[in-house]
Amino acid sequence: MNLFGNLGGLFSSDMAIDLGTANTLVYVKGRGIVLSEPSVVAYHIKDGVKKVLAVGEDAKLMLGRTPGSIEAIRPMREGVIADFDTAEEMIKHFIRKVHKRSTFSKPKIIVCVPHGATPVEKRAIRQSVLSAGARRAGLIAEPIAAAIGAGMPITDPTGNMVVDIGGGTTEVAVLSLGDIVYARSVRVGGDRMDEAIISYLRRQQNLLVGETTAERIKTSIGTARMPDDGRGTSMQIRGRDLLNGVPKEIEVTQAQIAEALAEPVQQICEAVMTALETTPPDLAADIVDRGVMLTGGGALLGDLDLALREQTGLAVSIADESLNCVALGTGKALEYEKQLRHAIDYDS
């Protein structure tokens, strides 16, 4: 039987999946990242029976714009699975999309999980990957994957600090000798920033905007600190006026968005400060030398590195492909499994 197992392994292309709150990326061994799509699933509900209508990009366009019979769901919340069946459908769909031919092979899949995930949440991720058709499912801690993907020398006996700001969580970790010395997961990320923008506009401008608009504001003019001229660039946004209930268009400036994002940014800074306080002194000395590496989509927020530098006084750098870091790192863990086997956990 083992022979057949190995044969299956020959034909299968093992995968690494970054199951993110906002985007899911799939890395195939030997091919690199082959798929990067939003983690959204759209269902068509008829007589109480759900049928998957679209997954990924197509489903994201439907978010907040669906009629009663269609439901668009984001199965991942704060880095972990919130809707089990939907997540399973999504993983199945992505695996099928990557494996064009339906071989009899069952791939081995490594998935990254937030460091703060509970055993129950980890088991949920493992079960849904296995039932989506994996031969084995390994889990790797997100900060380790992010650091490998950012090209940090994590196997050396020196301290490395990585801050991974994702859609649902921010992971702050100090790594040495290929493992985590200290890690902390705060449930603040891109989604929390969007919510902050929504509630700010609602309070200050009496304007109701959707999540999609909030995300667009964040990506185009979002910034972590006040612009020097106290205003910055501006953009036109549309939403519903809460006073008389009609749609209207207003102009928002960078200064307003900086004010709206002040709280989530502060929470991220505090997490970094707490991590630095609890780091053993020798590793802290290395971090002063090396600086802090920012990865994840949240690292692309304007001036976030400067805001962190002002608070901590450390050199803060942003990883090259910050959006793909975790997927690249999880993929590298798949390629160099022997050296990193202590970081990947297969059983539970």
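Residues numbered from 1 in each chain as written. Predicted model: local features only at pLDDT ≥ 70, side-chain atom pairs only at ≥ 80, totals over all residues. Heavy atoms only, no water.

Looking up the chain in an unreviewed UniProt entry gives the name Cell shape-determining protein MreB, with the organism given as Sulfitobacter noctilucicola. According to the UniProt record, the Function (unreviewed entry) comment for the chain reads "Forms membrane-associated dynamic filaments that are essential for cell shape determination. Acts by regulating cell wall synthesis and cell elongation, and thus cell shape. A feedback loop between cell geometry and MreB localization may maintain elongated cell shape by targeting cell wall growth to regions of negative cell wall curvature." Quoted verbatim from the Subcellular location (unreviewed entry) field of UniProt, the annotation for the chain is "Cytoplasm". (UniProt positions renumbered as here; feature names shortened; annotations may be inferred.)

Reading across the sheet, the six strands line up as β3-β2-β1-β9-β10-β19 and stay open at both edges, with mixed pairing between neighbours. Two strands close off the open sheet at either side, each with one partner strand: β3 (32–38) and β19 (344–345). Here strand β2 (residues 23–28) runs beside β3; their pairing, made up of six bridges, is antiparallel. When the sheet's bridge partners are listed, Thr 24 is paired in β3 with Glu 37. Along the sheet, helix α4 (residues 119–131) makes contact with β1 (15–19), β9 (108–113), β10 (136–141) and β19, crossing β10 at roughly 145 degrees. (Pairing = 2+ DSSP bridges. Helix = DSSP H or I, 4+ residues; strand = E, 2+ residues; numbered from the N terminus. Contact = heavy atoms within 4.5 Å. Axes fitted to C-alpha atoms, helices over the stretch in contact; angles between N-to-C directions.)

With that settled, consider helix α11 (residues 325–335). Counted residue by residue, α11 has eight buried out of 11 residues, so it is predominantly covered. Within α11, burial applies to Cys 325, Val 326, Ala 327, Gly 329, Thr 330, Gly 331, Ala 333 and Leu 334. (Buried < 20%, exposed > 50% of the residue type's maximum accessible area, 1.4 Å probe, protein only.)

By domain assignment, the chain separates into domain 1 (15–39 + 74–144 + 326–345), domain 2 (152–188 + 265–322) and domain 3 (190–261). When each unit is reduced to the centre of its C-alpha atoms, the spacing between domain 1 and domain 3 is 34 Å. (Domains from an automatic or database assignment.)

To continue, consider the packing of helix α5 (residues 142–149) against α11. Relative to each other, α5 and α11 sit at 90 degrees, their axes nearing to 6 Å. The orientation of α5 with respect to α11, classified from their angle, is roughly perpendicular. Here Glu 142, Ala 145, Ala 146, Ile 148 and Gly 149 of α5 lie close against α11, whose contacting residues are Cys 325, Val 326, Leu 328, Gly 329, Thr 330 and Lys 332. Of the residues that constitute the contact of α5 with α11, the class distribution is six nonpolar, three polar and two charged. (Parallel < 35°, antiparallel > 145°, perpendicular 65-115°, else oblique. Nonpolar A, V, L, I, M, F, W, Y, C, P; charged D, E, K, R; others polar.)

Compared with the 21 Å implied by 1.5 Å per residue over 15 residues, the 21 Å span of helix α3 (residues 84–98) between its first and last C-alpha is a close match. The complete set of buried residues in α3 reads Thr 86, Ala 87, Glu 88, Met 90, Ile 91, Phe 94, Ile 95 and Val 98. (Expected span 1.5 Å × (residues − 1).)

Turning our eyes to something else, we now look at the pattern of salt bridges. Within the structure shown, the criterion is met by 13 salt bridges. Between Asp 191 and Arg 74 there is a salt bridge, with the nearest N and O atoms lying 3.3 Å from each other. Within this pair, whereas Asp 191 is found in helix α6 (residues 190–205), its partner Arg 74 is found in the loop between β6 (70–73) and β7 (76–77), the two being separated by 117 residues in sequence. The exposure class of Asp 191 is buried, given its relative accessible area of 13%. For Arg 74, a relative accessible area of 17% puts it in the buried group. Close ionic contact of Lys 248 with Asp 241 constitutes a salt bridge, the shortest N to O distance being 3.8 Å. With relative accessibility at 31%, the residue Lys 248 sits in the partly exposed group. Sharing partners across several salt bridges, the network here consists of Arg 74, Arg 77, Asp 191 and Glu 211. (Salt bridge = Lys/Arg side-chain N within 4 Å of Asp/Glu carboxyl O.)

Within the open sheet, the five strands sit side by side as β13-β12-β11-β17-β18. Their pairing is mixed. Looking at strand neighbours, the two that pair on one side only are β13 (179–186) and β18 (316–318), the edges of this open sheet. Shown here is a sheet whose adjacent strand axes are inclined to one another by a mean of 20 degrees, direction ignored. Bridge analysis of strand β11 (residues 160–165) against strand β12 (residues 170–176) gives six bridges, and the strand direction is antiparallel. Residue pairing in the sheet places Val 163 in a bridge with Val 172 of β12. Against the sheet, helix α9 (residues 281–290) engages β11, β12, β13 and β17 (292–295), with an angle of about 110 degrees to β12.

This brings us to the pairing of strand β16 (residues 247–253). Here is the key point about a regular strand: its side chains alternate between the two faces of the sheet. The pairing of strand β15 (residues 234–241) with β16 spans seven bridges and is antiparallel. What sits directly across from Arg 238, in β16, is Glu 249. Hairpin connection between β15 and β16: a loop of five residues separates the two successive antiparallel strands, and Gly 245 in this loop has a positive phi of roughly 75 degrees.

Among soluble globular proteins, nonpolar side chains are generally buried collectively. Among the nonpolar cores identified, the biggest contains 43 residues, and Met 161, Leu 201, Ile 217, Ile 237, Val 252 and Val 265 are the most heavily contacted of them. Take this core: its biggest share by element is nine residues, from helix α8 (residues 254–278). When residues of this core are sorted by domain, at least three fall in each of domain 2 (152–188 + 265–322) and domain 3 (190–261). Those residues within four positions of Val 265 in sequence are excluded, and the remaining contacts are Ala 224, Leu 301, Leu 304 and Ala 307. Ala 141, Ala 319, Leu 334 and Tyr 346 belong to the second largest nonpolar core, which has 28 residues in total. (Core = buried A, V, L, I, M, F, W, Y, C linked by side-chain atoms within 4.5 Å.)

Moving on: the pairing of β2. Among the six residues that make up β2, five are buried, leaving the element largely enclosed by the rest of the structure. Where β1 folds back on β2, the antiparallel hairpin that results is connected by three residues. Counted along the chain from β2 to the antiparallel partner β3, the turn is three residues long, and its residue Gly 30 has a positive phi close to 85 degrees.

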